[in-house]
Amino acid sequence: MSKLTAKKVENTTPRNKEYKLHDGEGLFLRIRPSGAKSWLFSFSLPGNRQLIRMTLGSADRISLKEARDLLPALHKLVASGIDPRNARAATQAENTRAVTMQNLFEAWIEFLKLTSNITPLWIKRHEDRWRLHLKKTLGNLFAKDVTRAHLAAALDAMSRKGIKEETRKALTTLNLMLDYGLTRHAIEHNPARMLKPKDFAATAARSRDRALSFTELHTLWNVLDQATEARKGIAKTSILSTITATAIKLLILTGARRGEVAGMRWDEFNLEAGTWTLPSSRTKNRKQHVIYLGELALILIEALRPLTGNTAFVFDTGRDTGHIHTDTLTAAINRLKKSAPLDKLKSFTIHDLRRSAATAWGEHLKVKPHVIEQMLNHQPLNKLIAIYQRATYAEEQKAAWLAWGEMVEHQVARAPGNVAPMRNAVNS
């Protein structure tokens, strides 16, 4: 008996009745009168002489070589007394029940939304992280098939972009999501548990105390102005969009968190009263927070109205993503720091702008520490204070923010001189 060849398989023609051609080792090519060709595996289990035929698939989809390659595993099952048809049915059932990483992520997010101690803000950050950095690489993979190599590839890609803090947080997202899948029996183990932030140069940063001086803030402000003037606000490699530059300036003016500024909404402002009210859903401690805006901050915000005034977000990107992402602000600072004159300054991060504002409130405006904590919307560390002390010191906060806005206008946005508290400075 001669073995089949690929050419013979291709040229075999149908007859009035179905017939079969034997290739050896139990492999047959079946040809139906319609011309349809398929592969069969013929076997009998140990202790049972009954001949069984199993369909392997269409010859249009499975080549002769691929059909032969299936034989060793099939013979091994038969030798162990296992019917290959049952093994294949079990595998197909398992694949039917299998979920993709995208399915798993969506199920996990729905679970988080039902968990009372998880804020909408933190859920959104997980969603953004998945959408921007992980979904494209991991989303279509079966969760049960994901390995450390798959996860490492996605995290390495993030690390190469220079967003190391976000890389560290992405590993946390993956760990939590896969732990959820483990408890729901969607996967057998969590491959993320063997990965560490240091593997991607994303070890948690040490506590910092970097606060920029007025001269340094002035240098940064000038760079932001020059970067937007270069191409009329169109973002390119060496410049920034007006939207990005304005967001960074408002970080300095408000001392707010980058996520709070990035997600600014027009309906959060009362420009007549000069206030920006952050709803509890957008703050870290789930407490509504009011920030008072000085004249310079109001001018910067109003200047964006022709660009984004018809959208929900002050820093709208014009894309489906909605508002500007926090990573955009981080990346902008990291890029600008590499060029003169910022490359001469001691290294700083986007979060250091918040620290710089808070430091100046105390050092130059003499704002009391408890008022600064309210301005930063920090949760009191002392539980008794958190329970019984409900004062917000609204008037003191307002005076401090207005004084800070005036100080930034004179000492940062313009040429810095001798630092002195402005007329609205808080001295009580």
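The structure displayed is predicted, hence computed values, not measured ones. (Residues numbered from 1 in each chain as written. Predicted model: local features only at pLDDT ≥ 70, side-chain atom pairs only at ≥ 80, totals over all residues. Heavy atoms only, no water.)

*Asks:* Explain the overall build of the protein here, please?
*Replies:* Secondary structure summary: the protein contains 17 helices and seven strands in total. In the protein, buried positions account for 45% of the 428 residues. Look at the contacts in the protein between residues 6 or more apart in sequence, and 58% of them connect residues 24 or more apart. A total of about 23400 Å² of accessible surface is found on the protein, and carbon and sulfur atoms cover 52% of it. (Helix = DSSP H or I, 4+ residues; strand = E, 2+ residues; numbered from the N terminus. Buried < 20%, exposed > 50% of the residue type's maximum accessible area, 1.4 Å probe, protein only. Contact = heavy atoms within 4.5 Å. Areas by Shrake-Rupley, 256 points an atom, 1.4 Å probe, with all protein chains shown as cover.)

*Asks:* Can you walk me through the environment of Phe214 in this structure?
*Replies:* Relative to the helices and strands, Phe214 is located in helix α8 (residues 214-229). A sequence separation of 142 residues divides Phe214 from Ser356, and the C-alpha atoms of the two residues are 9.0 Å apart.

*Asks:* Even after reading the chapter, I still don't get the pairing of strand β1 (residues 19-24), so can you show me in this structure?
*Replies:* Where a strand is regular, its side chains alternate between the two sheet faces. Pairing geometry for β1 and strand β2 (residues 27-31), over five bridges, is antiparallel. Within β2, the residue paired with His22 across the bridge is Phe28. Connecting β1 to the antiparallel partner β2 that follows it, the hairpin turn spans two residues, and Glu25 within it adopts a positive phi of roughly 60°. (Pairing = 2+ DSSP bridges.)

*Asks:* Help me out: how do you make sense of the packing of aromatic side chains in this one?
*Replies:* The geometry of an aromatic ring pair is captured by two quantities: the separation of the ring centres and the angle between the planes. All chains considered together, the criterion is met by eight aromatic pairs. Plain terms: the ring middles of Phe214 and Trp404 are 6.1 Å apart, the flat faces sit at 55° to each other, and that makes the pair tilted. In this pair, Phe214 sits in helix α8 while Trp404 sits in helix α17 (residues 394-413), placing the two residues 190 residues apart along the sequence. Judged by relative accessible area, Phe214 falls into the buried class, the value being 6%. Each member of the aromatic cluster is reached from another via a ring pair, and the members are Phe105, Trp108 and Trp130. Above the face of the Phe111 ring, Arg184 is positioned so that its terminal group lies 4.9 Å from the ring centre. Its guanidinium or amino end placed over the ring of Phe313, Arg265 lies 5.2 Å from that ring's centre, counting from NZ or CZ. (Phe/Tyr/Trp six-rings, centres within 6.5 Å; stacked < 30°, edge-to-face > 60°. Lys NZ or Arg CZ within 6 Å of the ring centre and 35° of its normal.)

*Asks:* Would you explain the confidence of the model for the protein in this entry?
*Replies:* Where the model shows low pLDDT, its predicted coordinates should not be examined in detail. The predicted model of the protein has a mean per-residue pLDDT of 85, with 86% of residues at 70 or higher. Across residues 381-390 the pLDDT falls below 50, and counting only partners more than four positions away or on other chains, this stretch makes four contacts in the model. Segment residues 418-425: pLDDT under 50, and 20 contacts once partners within four positions in sequence are set aside and those in other chains are kept. (pLDDT = per-residue confidence, 0-100.)

*Asks:* Please explain the sheet that holds strand β6 (residues 275-278) as it appears in this structure.
*Replies:* Two orientations exist for strands paired in a sheet by backbone hydrogen bonds: parallel and antiparallel. Spatial strand order, β5-β6-β7: three strands in an open sheet with antiparallel pairing. Every other strand in the sheet has two partners, leaving β5 (269-270) and β7 (289-292) as the edge strands with one partner each.

*Asks:* Help me out: how do you make sense of the packing of helix α9 (residues 242-254) against helix α13 (residues 326-336) in this one?
*Replies:* Packed helix pairs are specified by the crossing angle of their axes together with the interaxial distance, meaning the distance between the axes. Viewed as axis vectors pointing N to C, α9 and α13 meet at an angle of 90°, and their least axial separation amounts to 10 Å. The orientation of α9 relative to α13 falls into the category roughly perpendicular. On α13, the residues touching Thr244, Ala247, Ile248 and Leu251 of α9 are Thr328, Leu329, Ala332 and Ile333. Taken together, the residues of the contact of α9 with α13 sort by class into six nonpolar, two polar and no charged. (Axes fitted to C-alpha atoms, helices over the stretch in contact; angles between N-to-C directions. Parallel < 35°, antiparallel > 145°, perpendicular 65-115°, else oblique. Nonpolar A, V, L, I, M, F, W, Y, C, P; charged D, E, K, R; others polar.)

*Asks:* How do you make sense of the layout of surface pockets when you look at a structure like this?
*Replies:* Where empty space is left can be seen by rolling a probe of water-molecule size over the atoms. Taken as a whole, the second largest pocket spans an internal volume of roughly 410 Å³. Elements represented by at least two residues in the lining of the second largest pocket include exactly α5 (120-138), α9 and α13. For the lining of the second largest pocket, the element with the most residues is α5, which contributes five residues. (1 Å grid on protein atoms, 1.4 Å probe; cavity = no way out; pocket = protein on both sides within 12 Å on 5 of 7 lines; lining within 4 Å. Points joined across faces, edges and corners; volume = space filled by probe spheres on them.)

*Asks:* In this structure, what is going on with the side chain of Ser241? I would like to understand it.
*Replies:* Following the sequence through the fold, Ser241 ends up in the loop between α8 and α9. Ser241 sits in the buried class, given a relative accessible area of 15%. At a separation of 3.0 Å, a polar atom in the side chain of Ser241 contacts the side chain of Thr244. (Polar contact = N/O pair within 3.5 Å; in protein donor to acceptor, adjacent residues only side chain to side chain.)

*Asks:* Would you take a moment to explain the environment of Lys37 for this structure?
*Replies:* Following the sequence through the fold, Lys37 ends up in strand β3 (residues 37-43). Its relative accessible area of 15% is what places Lys37 among the buried residues. Between the alpha carbons of Lys37 and Glu18 there is a distance of 9.9 Å; along the sequence they are 19 residues apart. The residues contacting Lys37, other than those within four sequence positions of it, are Val9, Glu10, Asn11, Thr12, Leu29, Arg30, Ile31, Ser58 and Ala59. A polar contact of 2.7 Å, which involves the side chain of Lys37, links it to the backbone oxygen of Val9. A polar side-chain atom of Lys37 sits 3.1 Å from the main-chain carbonyl oxygen of Glu10.

*Asks:* Whenever I open this one, the nonpolar core confuses me. Can you help?
*Replies:* Side chains of nonpolar character tend, in soluble globular proteins, to be buried together. If you look at the biggest cluster of nonpolar residues, it comprises 61 residues, and the most contacted ones within it are Ile248, Leu250, Trp276, Phe315, Leu353, Trp361 and Trp404. Looking at which element gives the most residues to this core, the answer is α9, with eight residues. If we ignore the near neighbours within four places in the chain, the residues touching Phe315 are Ile243, Thr246, Ala247, Leu250, Val261, Ala262, Met264, Leu304, Gly322, His323 and Ile324. Residues Phe105, Ile109, Trp130 and Ile163 belong to the second largest nonpolar core, which totals 28 residues. (Core = buried A, V, L, I, M, F, W, Y, C linked by side-chain atoms within 4.5 Å.)

*Asks:* Would you explain α17 in this entry?
*Replies:* Every α-helix winds through 3.6 residues per turn, so residues three or four apart in the chain are directed the same way. Compared with the 28 Å implied by 1.5 Å per residue over 20 residues, the 26 Å span of α17 between its first and last C-alpha is a close match. Turning to α17, its buried residues number three or more, namely Gln397, Ala400, Trp401, Ala403, Trp404, Gly405, Glu406, Met407, Val408, Glu409, Gln411 and Val412. (Expected span 1.5 Å × (residues − 1).)

*Asks:* Is there a simple way to think about the pattern of salt bridges in this case?
*Replies:* Two side chains that carry opposite charge are able to pair once their charged atoms sit near each other. By the definition in use, this model includes 23 salt bridges. The shortest N-O distance in the salt bridge between Glu18 and Arg32 comes to 3.0 Å. Remark: Arg32 occurs in the loop between β2 and β3 and Glu18 occurs in the loop between α1 (6-11) and β1; sequence separation between them is 14 residues. Residue Glu18 is classed as partly exposed on the basis of its relative accessible area, which comes to 34%. The class for Arg32 is partly exposed, based on a relative accessible area of 33%. (Salt bridge = Lys/Arg side-chain N within 4 Å of Asp/Glu carboxyl O.)

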